[in-house]
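What follows is the residue order along each chain.
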Amino acid sequence: MSPHRRSLRFWSGAVTAALALTVTTVGQAGAAEVNNARNAGFESGLSDWTCSAGSGTTVSSPVHTGTAALQATPAGQDNARCAQTVRVKPGSTYTLDAWVRGGYAYLGVTGTGTTDVSTWTPDSSSWKRLSTTFTTGSSTTSVTVYTHGWYGQAAYYADDVSVLGPDGGGGTDPGPTIPSAPGGLNVSGTTSSSVSLAWNAVSGATGYTVYRDGTKVAAVSGTSATVTGLAASTSYSFQVTATNGAGESPKSAAVTGTTNKPNGPGPALPKHAVTGYWQNFDNGATVQRLADVQAQYDIIAVAFADATSTPGAVTFNLDSAGLGGYTVDQFKADIRAKQAAGKKVIVSVGGERGTVAVNDAASAANFANSVYSVMQTYGFDGVDIDLENGLNATYMTQALRSLSAKAGSSLIITMAPQTIDMQSTSNSYFQTALNIKDILTVVNMQYYNSGSMLGCDGKVYSQGSVDFLTALACIQLENGLAPSQVGLGLPASTRGAGSGYVSPTVVNNALDCLAKGTGCGSFKPPRTYPGLRGAMTWSTNWDATAGNAWSNAVGPHVHGLP
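Residues numbered from 1 in each chain as written. Predicted model: local features only at pLDDT ≥ 70, side-chain atom pairs only at ≥ 80, totals over all residues. Heavy atoms only, no water.

So, on to unusual backbone geometry. Cis geometry marks the peptide bond from Ala 303 to Phe 304; its omega dihedral reads 5°. Mapped onto the fold, Phe 304 is located in the loop between β23 (299-303) and β24 (306-307). Along the chain, Trp 538 connects to Ser 539 via a cis peptide bond; the corresponding omega equals 0°. Structurally, the position occupied by Ser 539 is in the loop between β33 (534-538) and α7 (540-545). Backbone geometry places Asn 39, a non-glycine residue, at a positive phi of 50°. (Helix = DSSP H or I, 4+ residues; strand = E, 2+ residues; numbered from the N terminus.)

Shown next as structure tokens:
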């Protein structure tokens, strides 16, 4: 987190695409919309489909609906493209859908005679819907609808392809019927401000709508959702419906979810929070005692815990000499005072020079036991994971769940991955965040000291802009994390990082773009996320050095989000 951070991996490059279907038109079509794709669910093997280099086959598991799905495996210079010719009507608008999972998957259309479009998703362990629309030209008689994998990536799966629009006369799959109500609705997790739900998949459904006390609060493509922004210690009634092109099902049976008590000593963490790292060392920034930390910070991450000679174990040593004679007793008293003021004070593990390794069961146990001991000794509310030299998702998950079992539901867990760590759900940092989603407070990715990165739209963005912040945050927001678990991490001043500083105005514009749909750059997120947790900075000390310009501008803005 310091300005002397290690060199980062730079990753840039556009990812383009193609699992392809070709669409042709003949004659006049009726007004009713039909699915013009044939063998859209791969129930008849690869009939009507052609896959490049023998890359495709059909499998019985996993499937989205029915008994079969496409599996296509990229190899060498082949990206596992599959194609079908479908007949359509000129001068007409069609909706192209497919359900995908596994490796990177792409869907789009070319040769429309108007504007060719495409969409994609990173790898996913669950089924995700890809959808786009296109219009055929007045004299267009064929188009190519496509989706494919990506070089060097894992096999992808596709199912329930739909080219919905006027009948092109080339034969169709049956149109959708209204799905039945979902069954098995249950509460899978709670925090003081959220309730997580899960339910059974419904055959033929393309999405689900979540209702809280009779009011629609979320629309999702999978069979789980987290409803955020709730009051602590409060009971709510939830129902779910299934949707597709034919309409919406009846509501499911209702379940009751009750939020937890407020986190830790003092009031609950606010809906929108500002996190700041406090430096337990003097590197030229303003030296602060914890009592000096600006009031706008809701979560104060004490940087850093120290590794010990025991694998996975940490301890904490206050740098009394470097902090002008600050004593341990004064430090503990300042923690209690901050907590009484409604703040959370946590210990951060890692940093630029952090050497903590949790890579087996023994080190996971050592990590959990030692962090809990440090929490008890100093009164910390939780832990921040800022391991910049990689982590093992299996054993870090095990360690954090063990810590949670010891500390209880009041535990605060934050993470501060680098941008490259959150590009894909297959990355160990992203995996860990998803593995502990039910106990995770917030991921404050570091949008600085970074190379160019992919946004959720597949385009490449460079650091230092609103688009870089919003397009990369979108990856987390659209791939499993709740809005309340996503924050934007930026340096407090130009001296706080080697690169990537943006003015507080840019930070606030990015927050508005994500939460309200205003202040965006060229990238527009697919939806708004009013439950967005907030922002983070390195550090409160560099903020003080710059006259508190960052916290004075960003703090009130975060707290004023909807």
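As for its position among the elements, His 64 is in the loop between β4 (56-59) and β5 (69-72). Sequence separation between His 64 and Trp 127 is 63 residues; the distance between their C-alpha atoms is 6.8 Å. Not counting residues up to four positions away in its chain, the partners in contact with His 64 are Trp 99, Trp 127, Asp 159, Asp 160 and Ala 205. Within polar-contact distance, the side chain of His 64 engages the side chain of Asp 160 at 2.6 Å. (Contact = heavy atoms within 4.5 Å. Polar contact = N/O pair within 3.5 Å; in protein donor to acceptor, adjacent residues only side chain to side chain.)

Here a disulfide denotes one covalent bond, and it connects the sulfur atoms of two cysteines. Inspection of the entire model under this criterion finds three disulfides. Paired through a disulfide, Cys 51 and Cys 82 show a sulfur-sulfur distance of 2.1 Å. Between Cys 51 and Cys 82, the disulfide has an S-S torsion of 110° and is therefore right-handed. Here the residue Cys 51 occupies a position in strand β3 (residues 50-51), and Cys 82 occupies one in strand β6 (residues 82-83), the gap between them amounting to 31 residues. Considered together, Cys 51 and Cys 82 belong to a single accessibility category, that of buried residues. Here Cys 513 connects covalently by a disulfide to Cys 520, the sulfurs 2.0 Å from one another. (Disulfide = S-S within 2.5 Å. Buried < 20%, exposed > 50% of the residue type's maximum accessible area, 1.4 Å probe, protein only.)

For the protein, mean pLDDT is 88; residues scoring 70 or higher make up 91% of the total. Confidence drops under a pLDDT of 50 for residues 2-30, and excluding neighbours within four residues, the segment shows 132 contacts in the predicted structure. (pLDDT = per-residue confidence, 0-100.)

The strand order across the open sheet formed by three strands is β14-β15-β18, and the pairing between neighbours is antiparallel. With partners counted over all chains shown, the strands left at the sheet margins are β14 (186-190) and β18 (224-227), one partner each. In this sheet, neighbouring strand axes are inclined to one another by 25° on average, regardless of whether the strands run parallel or antiparallel. Where β14 and strand β15 (residues 195-198) come together, four bridges link them in antiparallel fashion. Note that in β15 the partner of Val 187 across the bridge is Leu 197. (Pairing = 2+ DSSP bridges. Axes fitted to C-alpha atoms, helices over the stretch in contact; angles between N-to-C directions.)

The subject of this paragraph is the nonpolar core. Ranked by internal contacts, the top residues of the largest apolar core, which has 98 residues, are Trp 278, Leu 290, Phe 331, Phe 367, Phe 380 and Ile 385. The leading source of residues in this core is helix α5 (residues 466-477), at nine residues. When sequence neighbours within four positions are dropped, the list of residues in contact with Leu 290 reads Trp 278, Ile 300, Val 302, Tyr 326, Phe 331, Asp 334, Ile 335, Lys 338 and Val 345. If you look at the next biggest cluster of nonpolar residues, it comprises 25 residues, including Ala 80, Leu 107, Tyr 156 and Val 161. (Core = buried A, V, L, I, M, F, W, Y, C linked by side-chain atoms within 4.5 Å.)

On the secondary structure map, Ala 337 appears in helix α1 (residues 328-340). Exposure remark for Ala 337: the relative accessible area of 46% places this residue in the partly exposed category.

Another point: the packing of aromatic side chains. All told, the structure shown has 23 aromatic pairs when counted by the stated rule. Ring plane angle 70° and centroid distance 5.8 Å describe the contact between Phe 331 and Tyr 378, whose orientation is recorded as edge-to-face. With Phe 331 in helix α1 and Tyr 378 in helix α2 (residues 361-378), the pair connects residues that are 47 residues apart, well separated along the chain. Its guanidinium or amino end placed over the ring of Tyr 211, Lys 251 lies 4.3 Å from that ring's centre, counting from NZ or CZ. The side chain of Lys 332 reaches across the aromatic face of Tyr 378, ending 5.6 Å from its centre. (Phe/Tyr/Trp six-rings, centres within 6.5 Å; stacked < 30°, edge-to-face > 60°. Lys NZ or Arg CZ within 6 Å of the ring centre and 35° of its normal.)

A regular strand places its side chains so that they alternate between the two faces of the sheet. In terms of burial, strand β22 (residues 273-279) is a largely internal element, seven of the seven residues being buried. Across the two faces of β22 the burial is the same, with Ala 273, Thr 275, Tyr 277 and Gln 279 and Val 274, Gly 276 and Trp 278 all buried. Where β22 meets β33, five bridges bridge the pair, whose relative direction is parallel. Directly across from Thr 275, in β33, lies its bridge partner Met 536. Examined bridge by bridge, β22 and β23 share five bridges and lie parallel to one another. For Tyr 277, the partnering residue across the bridge sits in β23 and is Ala 301.

Further remarks concern the side chain of Asn 244. With respect to the helices and strands, the residue Asn 244 is situated in strand β19 (residues 235-244). A distance of 3.0 Å separates a polar side-chain atom of Asn 244 from the backbone oxygen of Gly 204.

Take the packing of α5 against helix α6 (residues 504-516) next. Between α5 and α6, the least distance of the axes is 9 Å, while the angle of their chain directions is 40°. Considering the angle they form, α5 stands oblique to α6. Two packed elements cross with a definite hand, and for α5 against α6 that hand is right-handed. Only Val 506, Val 507, Asn 509, Ala 510, Cys 513 and Leu 514 of α6 make contact with α5, whose side of the interface consists of Val 466, Leu 469, Thr 470, Ala 473 and Leu 477. When its residues are assigned to classes, the contact of α5 with α6 shows nine nonpolar, two polar and no charged. (Parallel < 35°, antiparallel > 145°, perpendicular 65-115°, else oblique. Left-handed = near helix turned anticlockwise from the far one by under 90°. Nonpolar A, V, L, I, M, F, W, Y, C, P; charged D, E, K, R; others polar.)

Before going further, it helps to examine helix α4 (residues 428-435). Every buried residue belonging to α4 is among Tyr 429, Phe 430, Thr 432 and Ala 433, and all of these are buried. For α4, the angular spread of buried residues about the axis comes to 160°, placing them on one side. Those residues of α4 that are buried lie in contact with β27 (382-387), α3 (393-407), β28 (412-415), β29 (442-446) and α5. You can read the cap of α4 off the contacts: a side-chain oxygen lies 2.9 Å from the backbone nitrogen of Tyr 429, and it is on Asn 427. (Arc of directions from axis to C-beta.)

Moving on, we get to the pattern of salt bridges. Applying the stated criterion to the full structure yields six salt bridges. Two residues, Asp 512 and Lys 516, come together in a salt bridge whose shortest N-O distance is 3.6 Å. Highlighted residues: Asp 512 and Lys 516, both in helix α6, separated by four residues, approximately one helical turn. (Salt bridge = Lys/Arg side-chain N within 4 Å of Asp/Glu carboxyl O.)

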